[in-house]
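Per-entry structural report
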Amino acid sequence: MGRTALIVIDMLNTYEHEDAEVLVRSVRDILPGVGALLKRARDADVPVVYVNDNFGRWRSHHGEILEAALAGRYSDLVQPIAPDEESLFVVKARHSVFFETPLAYLLGQLGVQRVVLCGQVTEQCVLYSALDAHIRHLDVVVALDAVAHIDAALAEAALRMMERNMSAELRPSGEITFEDVPSG
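Let us look at the structure shown here. Quantities reported herein were computed from a predicted structural model and do not represent experimental measurements. Residue indices begin from 1 for each chain and proceed along its sequence in written order. Predicted model: local features are reported for residues with pLDDT of at least 70 only, side-chain atom pairs are reported and counted for 80 or more only, and whole-chain, interface and lining totals are derived from all residues. No hydrogens and no water enter the side-chain calculation; it runs on all heavy atoms of the structure.

**Some words on the pattern of salt bridges**
It is possible for side chains bearing opposite charge to pair when their charged atoms get close. For the record, the criterion: Any Lys or Arg side-chain nitrogen found within 4 Å of a carboxyl oxygen on Asp or Glu counts as a salt bridge. The helix and strand labels rest on DSSP assignments: H or I over at least four residues marks a helix, E over at least two residues marks a strand, and numbering proceeds from the N terminus. Only protein chains enter the accessibility calculation, which uses a 1.4 Å probe; a residue is then buried when its area is under 20% of its type maximum, exposed when over 50%, and partly exposed in between.
Tallying each qualifying case throughout the model produces eight salt bridges. As a salt-bridge pair, Arg-42 and Asp-84 come within 3.0 Å of each other at their nearest N and O atoms. Of this pair, Arg-42 sits in helix H1 (residues 20–43) while Asp-84 sits in the loop between helix H2 (62–71) and strand S3 (88–92), placing them 42 residues apart in sequence. Judged by relative accessible area, which is 26%, Asp-84 ranks as partly exposed.

See below:
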């Protein structure tokens, strides 16, 4: 049997970029879904892995990334979903959570066969991460009410691509379970 892991993508954000205002509106909408997933995953003793951009700060680590996000203008979007002491953390520099990160190795060490993706941005980092998970033979679930977007039309197209081309399950967060899955 393979385990499930919850992957939280780029939610520790200072929102100091060109599309921030549009993204912030979408992030506000998904916070309840992300929070519910985090609570249920933690209650089920499922690995929770935050994978976050380092925003070009090459000497930073997870604590500094979190501190910067909490000190930013939109700390109210970070505080409710901040990592706890048990959360794992991987720093990324590009769109995919797998690209040149140790995430695949970490998931293998944890016996993970299924990943539940939440976070931002649906039409960018979530899409590329779903593809990279799929090509690594992981089962992919995307929490529909826990992924934020910049462009709603592109996000909808990205979700359709994930479902059709990557066999991703698209489900509201309340319908996602964290039980073990058959291996193979």
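Having seen the structure, we can now continue with the description.
**Quick notes on the side chain of Ser-173**
Counted only if it meets this: The contact criterion used throughout is that any non-hydrogen atoms of two residues lie within 4.5 Å.
Within the element layout of this structure, Ser-173 appears in the segment after strand S6 (169–171). Look past the residues within four positions of Ser-173 in its chain and what remains in contact with it is Gly-33, Leu-37, Arg-40 and Asp-145.

**Comments concerning the environment of His-137**
Summarising the element assignment, His-137 is placed in the loop between helix H4 (122–135) and strand S5 (139–148). Classification of His-137 as exposed rests on a relative accessible area of 64%. When the C-alpha atoms of His-137 and Glu-100 are compared, they prove to be 18 Å apart, with 37 residues separating the residues in sequence.

**Thoughts on the state of the cysteines**
How we decide: Whenever a pair of cysteine sulfur atoms sits within 2.5 Å, that pair is classed as a disulfide.
The full count for this structure, using the stated rule, is zero disulfides. As a non-bridged cysteine, Cys-118 has Cys-125 as the owner of its nearest cysteine sulfur, 13 Å distant.

**Brief notes about the nonpolar core**
The cut-off we apply is this: Buried Ala, Val, Leu, Ile, Met, Phe, Trp, Tyr and Cys residues that are joined via side-chain atoms within 4.5 Å together make up what is termed a nonpolar core.
Counting 36 residues, the largest nonpolar core has Leu-6 and Leu-37 as its most contacted members. Among the elements of the structure, strand S1 (3–9), H1, strand S2 (48–53), H2, strand S4 (112–120) and S5 are those that each provide at least two residues to this core. Filtering out sequence-adjacent residues up to four positions away, Leu-6 remains in contact with Leu-37, Leu-38, Ala-41, Val-46, Pro-47, Val-48, Val-49, Val-116, Cys-118 and Phe-178.

**What about the environment of Asp-180?**
Relative to the helices and strands, Asp-180 resides in the segment after S6. Relative accessible area serves as the criterion here: at 41%, Asp-180 is assigned to the partly exposed category.

**Focus: unusual backbone geometry**
Glycine aside, residues mostly have negative phi, and peptide bonds are mostly found in the trans state. In the segment running from Gln-120 into Val-121, the intervening peptide bond is cis, with an omega of 5 degrees. Within the secondary structure, Val-121 sits in the loop between S4 and H4. The backbone of Asp-10 sits at a positive phi, close to 55 degrees, despite the residue not being glycine. On the accessibility criterion, Asp-10 (6% relative accessible area) is buried. Located in the positive-phi region is Tyr-15, a residue other than glycine, with phi close to 55 degrees. Among the structural elements, Tyr-15 can be located in the loop between S1 and H1.

**A short note on H1**
Applicable threshold: Residue count minus one, scaled by 1.5 Å, sets the expected span of a helix. Bending is quantified residue by residue as the angle between axes fitted to the seven-residue window ending at that residue and the seven-residue window starting at it.
Here H1 is 24 residues long and its end C-alpha atoms lie 32 Å apart, about the 34 Å a rise of 1.5 Å per residue gives. When the local axis directions of H1 are compared, the greatest deviation, roughly 45 degrees, occurs at Ile-30, which is followed within four positions by the proline Pro-32. What H1 keeps buried is the set Ala-20, Leu-23, Val-24, Ser-26, Val-27, Ile-30, Leu-31, Gly-33, Val-34, Leu-37, Leu-38 and Ala-41. Contacts made by the buried residues of H1 are with S1, S2, S4 and S5. Just downstream of H1 lies Asp-45, where phi reads positive at about 55 degrees.

**Re the sheet that holds S4**
Strand pairing within a sheet occurs via backbone hydrogen bonds; the two strands may be parallel or antiparallel. For the record, the criterion: Here, strands pair whenever DSSP counts at least two bridges between them. Where helices are involved, their axes are fitted lines through C-alpha atoms of the stretch in contact, as for all axes, and angles between N-to-C directions lie from 0 to 180°.
The strand order S3-S2-S1-S4-S5-S6 describes an open sheet built from six strands, whose pairing is parallel. For this open sheet the edge positions go to S3 and S6, each flanked by a neighbour on one side alone. Taking each pair of neighbouring strands and ignoring which way they run, the sheet shows an average axis angle of 25 degrees. Pairing between S1 and S2: four bridges, direction parallel. Its bridge partner lying in S2, Val-8 is registered against Tyr-50.

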